[in-house]
Amino acid sequence: MSRLGLGAALLAALAAAVVLGVRFGAVDLTTGEVLAALAGGGPEWQRQIVVDLRLPRLLLGALVGGGLALAGATFQALLRNPLAEPYILGISGGASVGAVLVLALGLAGATSWALPLAALAGAILAIALVFRVATASGRTLDVRVLLLAGVVVAAFFSACVAFILSVSEARTVQGAVLWIMGSLAGASWSGVGVTAAYTLPAAGLLLTLARPLNLMAIGEETAHYLGADVEKVKRTALALAALLTAAGVAVAGVIGFVGLVVPHAIRLLVGSDHRALLPLSFLGGATFLVLSDIVAQVVLAPTQIPVGVITAFVGVPLFLVLLRRSLIP
Amino acid sequence: MRFTAQDLVVRYSGRGHAALEGVSMEVPDGSLYAVLGPNGSGKSTLLKALLGVLPVSAGAARVDGRDASAWPRRELARAVGVVPQAETIAFPLTVREMVAMGRYPWLGPVGAEGEKDRAAIARALEHCDVSDLAGRDVMTLSGGELQRVRIARALAQEPRALVLDEPTASLDIRHEMAILELLRSSADEGMTVLVVTHSLDLAARFADRMLLLADGRVTAEGPPATVMESAVLEAVYRWPLAVAPDPATGTPRVTPLRRSLPPGA
C-alpha cells in the first residue's frame with residue numbers, strides 16, 4: 001500500500017470515527033438532537049452530553065491513542081525489539097502506583113483532578129528511576145540495560161499496587177482496577193487541553209527524529225559512522241516517547257495493545273521507514289482508540305466496558321490477520 | 001584522506017594490558033592499505049581509534065592531520081565511509097532504503113532527498129552491481145549480496161576514504177574477488193581505502209602497503225614484498241609457514257605447514 005494512500009485512508013477513517021462518536025454513545029440521541037446540540041440549541045442536558053462529554057472524549061481518545069502508538073513505534077526502534085511497547089519501561093507501573101495510592105488514601109475520587117496528577121508523578125518517577133539505572137555504568141545509555149531496568153522497575157511497582165490493594169476496601173479496589181484497565185470516561189475540555197499541550201509538541205519533535213531512528217535500526221555503531229549523534233537521538237527520543245506515554249496514562253489509565261499492535265500493523269502495510277511509520281502510527285493509533293471507545297460505550301450500553309478490553313479484542317485478531325497475510329508470499 | 005596513528009595507546013577499562021601499545025602508522029592518500037594480524041591483535045581497535053569512536057589513552061589518532069575524535073560526526077561521515085564487521089538489522093528494509101542511508105551525512109535529520117542524492121544512490125548501486133536488487137528486503141540477501149549493499153551504502157556517502165572491517169569474511173571466491181577488485185579500482189581513482197582482513201595472499205596482491213599487528217604492536221609495515229617474510233609471519237601467527245611467489249600471479253603466497261613436518265618439507 002502506498003504511504004499517501006494509507007495516510008488518506010486513516011485520516012478519512014478518523015474523521016468518520018469522530019462523526020460516529022458524536023452521533024452514538026451510551027445515551028440514545030437522534031441525529032436531529034445531536035445536530036441541534038452542536039448548533040447550541042436543544043435541551044441543556046443534551047448539549048452537555050454532546051459538547052461536554054462526547055466531543056472531549058473523542059479528542060482525548062485521538063490524542064492518547066496517537067501518542068501511545070507513536071511511543072510504541074519509537075520504543076521498538078530504539079530498543080531494536082519488536083516486542084517493545086510504551087509500558088515496557090515501567091511507566092504504567094509507576095502511574096498505577098500513583099493513582100492507586102491516591103484512591104486508597106481517599107484523597108480523590110475516580111474523577112478528581114488529583115488522580116491524573118498522581119499518575120503523572122508516578123510515571124515520571126518510574127522513568128527517572130529507569131534512566132538513572134541505565135546510565136549508571138558510564139557516559140552512554142545502554143538500551144539492553146534500559147530494557148532490563150524497565151522490567152525490574154515494572155515488577156516492583158506491580159508489587160506495590162498489589163500491596164496497596166490488598167489492604168484497601170472493596171470499593172477502592174474496584175475503582176483502582178477499573179482505572180488500571182483504562183478508560184476515557186473522565187474526559188473533559190481541560191483534560192484535552194493539558195493532554196494536547198504535552199502530546200502535540202512531543203509528537204512533532206519525534207517526527208523530526210524519523211531519519212536518525214531509521215539508522216538506529218541497523219545498529220548504533222553504523223548510525224554513528226553515518227554521522228548521527230546517537231546518544232542525543234537515544235536520549236531525546238526516549239524522553240519524548242516516555243512523556244507521550246506518561247501523558248496518556250495519566251488521563252486514561254493503562255490502555256494496552258494500541259502501542260504494540262498499531263505500529264506493527266503500519267509496518268506490515270508500508271514498511272519500516274520511520275518517516276512514514278511515525279506519522280501513520282499516530283493517525284492509526286488515534287483512529288483505533290476512538291473507534292474502540294465507541295464500541296466500548298455502545299456494545300453493552302448503559303454498562304461501559306473498559307476500552308482496554310476492546311482494544312485487545314479488536315486489535316489481536318486484526319493483527320493476526322495482517323501477520324498471516326504478510327507471511328503468505 | 002590520510003589516517004595517522006602516532007604512539008597510539010588504547011586501553012579498555014577493566015583490562016590489564018593495553019589493546020594497542022604504541023602503534024605508529026600512516027595510510028597515505030589514495031592508497032589501498034591492509035591491516036592484518038592474528039585474532040585479538042588489535043586490528044578492529046585500531047580502526048575504531050582512527051575513526052574517533054574509541055577514547056585514546058595516549059598518543060594520537062588523526063584523520064587528515066586532525067584528531068579523529070575532534071571531527072564533528074557529520075563532517076567525518078561526509079569524508080569517510082565505514083563498513084563495520086557486522087550489523088544486525090532489526091526491521092525489514094529494502095536495498096534502496098539501506099543504500100539511501102548513506103546520504104544521511106549530507107541531508108541530516110530533516111533534509112529532503114534531492115536530484116544529487118538520488119544520483120549518488122544510483123551510482124553506488126550501479127558501482128557495486130546491486131541495482132537489480134534495489135527493491136529486495138535486505139534480510140533475504142545472500143552474504144555476498146548483503147556485503148556489496150553495505151559497501152554501496154558507504155559509497156553513497158560520496159566519501160574520500162573507505163574503511164572496512166573484514167569485508168570479505170565468509171564470502172566465496174567470486175564475491176571476495178569482486179569486492180577486492182572494487183576496492184582496488186576505488187583506490188586507483190584516488191580514494192583512500194583502509195581494510196582489515198585475514199587474507200594474507202589477497203592483501204599481498206591488492207594492497208599498496210600492509211600493516212602487521214601482534215599483541216597490539218606493529219610487527220611489520222610496508223609494501224607487501226617487505227612484509228611477507230616467512231620469519232616475520234611465523235613469529236606473528238606462531239605457526240610454521242612457507243612463503244613463495246605464486247606461479248600464476250608472481251605475488252607472495254603463504255602456505256601454512258603441518259606441525260608434524262619440518263618447515264620446507
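Bear in mind the structure is a predicted one, so any value in this text is a computation, not a measurement. (Residues numbered from 1 in each chain as written. Chains lettered and ligands numbered in written order. Predicted model: local features only at pLDDT ≥ 70, side-chain atom pairs only at ≥ 80, totals over all residues.)

A. How the structure looks around the interface of chain B and chain A. Facing the 21 residues of chain B at the interface are 22 residues of chain A. When contributions to the side of chain B that touches chain A are tallied by element, the ones reaching two or more residues are helix 2 (73-79) and helix 4 (104-107) of chain B. The residue inventory of the side of chain B that touches chain A, partitioned by class, reads 15 nonpolar, 2 polar and 4 charged. (Contact = placed C-beta atoms within 7 Å. Helix = DSSP H or I, 4+ residues; strand = E, 2+ residues; numbered from the N terminus. Nonpolar A, V, L, I, M, F, W, Y, C, P; charged D, E, K, R; others polar.)

B. Broad picture of the confidence of the model for chain B. For chain B, per-residue confidence averages 91 on the pLDDT scale, and residues scoring 70 or more make up 97% of the total. Reported confidence for the predicted complex is 0.90 by ipTM and 0.87 by pTM. (pLDDT = per-residue confidence, 0-100.)

C. Layout of helix 8 (residues 189-207) of chain A. All names here are of chain A. Under the 1.5 Å per step criterion, the end-to-end length of helix 8 is 26 Å for 19 residues, consistent within 8% with the ideal 27 Å. Maximal helix bending in helix 8 amounts to about 30°, located at Ala-196. All of the buried residues in helix 8 are Gly-191, Val-192, Thr-195, Thr-199, Ala-202, Ala-203 and Leu-206. For helix 8, the secondary structure elements touched by its buried residues are helix 3 (44-78), helix 11 (230-252) and helix 13 (274-298). (Expected span 1.5 Å × (residues − 1). Bend = angle between axes of the 7 residues up to and from the residue. Buried ≥ 20, exposed ≤ 12 C-beta atoms within 10 Å, placed from the backbone.)

D. Summary view of the environment of Leu-165 of chain A. All names here are of chain A. Along the chain, the position of Leu-165 falls in helix 6 (residues 143-166). Judged by local crowding, Leu-165 falls into the partly exposed class, with 17 C-beta atoms found within 10 Å. Look past the residues within four positions of Leu-165 in its chain and what remains in contact with it is Val-100, Val-173 and Ala-176.

E. Unusual backbone geometry, seen in detail. Of note in the backbone geometry, Phe-257 of chain A takes a positive phi value of approximately 75° without being a glycine. Mapping Phe-257 of chain A onto the fold places it in the loop between helix 11 and helix 12 (258-270). Accessibility expressed as a C-beta count within 10 Å gives 25 for Phe-257 of chain A, which makes it buried. One non-glycine residue with positive phi stands out, namely Glu-158 of chain B, at about 45°. Along the polypeptide, Glu-158 of chain B turns up in the loop between helix 6 (143-156) and strand 7 (161-165). Classification of Glu-158 of chain B by C-beta neighbours within 10 Å gives partly exposed; the count is 19.

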